[in-house]
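The primary structure of each chain is shown beneath.
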Amino acid sequence: MKKNVKNLITWSPSHLITSKRQAFTLAEVLITLAIIGVVAAMTIPTLVANHNAKLFKTRKEVAEAKIREITRQMNIHDALAPHTNTSAFVDTLKDYVKIAQVCDSENLTDCFSEQITKSTGEIIEVKNLKNSSKLGKTYNDTNLAFKMLDGLTYIMSYDNSCVAPDKYNSALSTTECLSYVLDVNGQKGPNKIGEDIVLVNASLPGGGCDGIEFNDLCIASEDIDYSCNNTGSCDTMGDPTCDCQAAANVACQAIGMRAPNAREYIQMYLHREELGNPATAITGVMMNPDVEVPDNYEEMLASDEYQQQMEAASDEEMQYAGMLNYVWAYQAGYNKVRCVK
């Protein structure tokens, strides 16, 4: 025991300095740091971009859910419509959600970022978005901007001709009265459509997409009517006098767009709230009392299994599915379509 203590006492940390051992040279350390720096420079921007994309997506979903619930509550209390203008609507909106600041059409940038970048790179000056026509609407009203306490900022236009939906049917959209531009992170950057800027039932002036950008589609900001003569006995594809999808396509071609195919209008239907409730063949099918759909029809459409079946289907099968759905929608008296390109 004493021997062990003696050995411990006579040992000195100086042995770490004087004893022979392996070590990194300065050159090796610098090379290692350089490699780490290069790897970091390559990966960190991607990680940050991915994080921001997820953050923006989450905030969009939260904002969409919030505005749906707010307008649903307003509709239940007969406060959604009618209102004489956007200002009157926002005054009522204050009773249902905390708004930090409201800015009139002459001072939009006090509440919103000064510029918006479109997907084409074109810059839109927010100060010029003073009325509904600048959001692709014909309401002929001035817009308002406002800030929520949670940091969300809006430029909004209200359709004073809007008719409130049936308050007892929760499946109906309560956001059809509204057109708005949403910035999910306030006045911070990048202020770009498709990232932190969302257009709902609205479009911005200039080139590129003149409607709503969604899943690599440009969706028109308004529904248009079409007409066909299919009473259920016509199977001719491509003839607009008979094939209702072809008729819808002709109507869309007149404005430089096309009718959505079966895959596209299913996605538009599933995301109808965030897109401002666009008219799709599925919407019409759901209104047709002669077409039986299961209670969980929407869940089925959204399921991975169904989406895989849609992707695996041939173009001919998709064309036939589209033709049937457009016919059923038209027979229900729903002859509206939201064009895409």
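We now turn to the structure provided with this report. Fair warning: this is a prediction, and the values are worked out from it, not measured in the lab. (Residues numbered from 1 in each chain as written. Predicted model: local features only at pLDDT ≥ 70, side-chain atom pairs only at ≥ 80, totals over all residues. Heavy atoms only, no water.)

**Remarks on the overall build of the protein**
Heads up, the rule is: A run of H or I in DSSP counts as a helix once it spans at least four residues, and a run of E counts as a strand once it spans at least two, with each numbered from the N terminus. Throughout, exposure labels follow a simple rule: accessible area from a 1.4 Å probe, protein chains only, divided by the maximum for the residue type, with under 20% read as buried, over 50% as exposed, and the rest as partly exposed. Note on areas: these come from Shrake-Rupley sampling with a 1.4 Å probe, and a residue is covered only by the protein chains present in the view.
When helices and strands are counted, the protein shows ten helices and eleven strands. Looking at the 341 residues of the protein, the share that counts as buried comes to 41%. For the protein, the computed accessible surface area is about 18800 Å², with 54% contributed by carbon and sulfur atoms.

**Focus on the sheet that holds strand β7 (residues 197-200)**
Heads up, the rule is: By the convention used here, strands pair only if DSSP detects at least 2 bridges between them. Axes here mean lines fitted to C-alpha atoms, for a helix over just the part in contact, with angles spanning 0 to 180 degrees between N-to-C directions.
Spatially, β1-β4-β5-β6-β7 is the arrangement adopted by the five strands of the open sheet, whose pairing is antiparallel. With one partner strand each, in any of the chains shown, β1 (99-103) and β7 form the two edges of the open sheet. Each strand axis lies, on average, 20° off the axis of its neighbour in the sheet, ignoring direction. Inspection of the sheet shows β1 paired to strand β4 (residues 144-148) by four bridges, in the antiparallel sense. Paired with Val 102 across the bridge in β4 is Phe 146.

**Points about the state of the cysteines**
Our working definition: The rule for a disulfide is simple: a pair of cysteine sulfur atoms within 2.5 Å.
Going through the model one piece at a time under the given rule, you end up with four disulfides. Between the sulfur of Cys 103 and that of Cys 111 lies a disulfide, 1.9 Å long from S to S. Between Cys 103 and Cys 111, the S-S torsion sits near 75°, and that sign places the bridge as right-handed. Accessibility assignment for this pair places Cys 103 and Cys 111 in one class, buried. Here Cys 252 pairs with Cys 339 through a disulfide, and the sulfurs are 2.0 Å apart. Here the S-S torsion is close to -85°, and the disulfide linking Cys 252 with Cys 339 is therefore left-handed. Taken together, the residues span a long stretch of sequence, with Cys 252 in helix α5 (residues 244-253) and Cys 339 in the segment after β11 (336-337) at a distance of 87 residues. The same class applies to Cys 252 as to Cys 339, namely buried.

**Quick word on the environment of Lys 54**
As for its placement among the helices and strands, Lys 54 is situated in helix α3 (residues 26-76). Residue Lys 54 is classed as exposed on the basis of its relative accessible area of 60%.

**Focus: the pattern of salt bridges**
Selection rule: One speaks of a salt bridge when a side-chain nitrogen belonging to Lys or Arg is within 4 Å of a carboxyl oxygen belonging to Asp or Glu.
With the rule as written, the count across this model stands at ten salt bridges. Note that Lys 66 and Asp 150 form a salt bridge whose closest N and O atoms lie 2.3 Å from each other. Of this pair, Lys 66 sits in helix α3 while Asp 150 sits in the loop between β4 and β5 (153-158); the two residues are 84 residues apart in sequence, bridging distant segments of the chain. Given a relative accessible area of 35%, Asp 150 falls into the partly exposed group. In this structure, Glu 69 engages Arg 72 in a salt bridge whose closest nitrogen and oxygen atoms are separated by 2.9 Å. Placement of the pair is Glu 69 and Arg 72 together in helix α3, with a separation of three residues, close to one helical turn. In this structure Arg 72 comes out as partly exposed when scored by relative accessible area, which is 33%.

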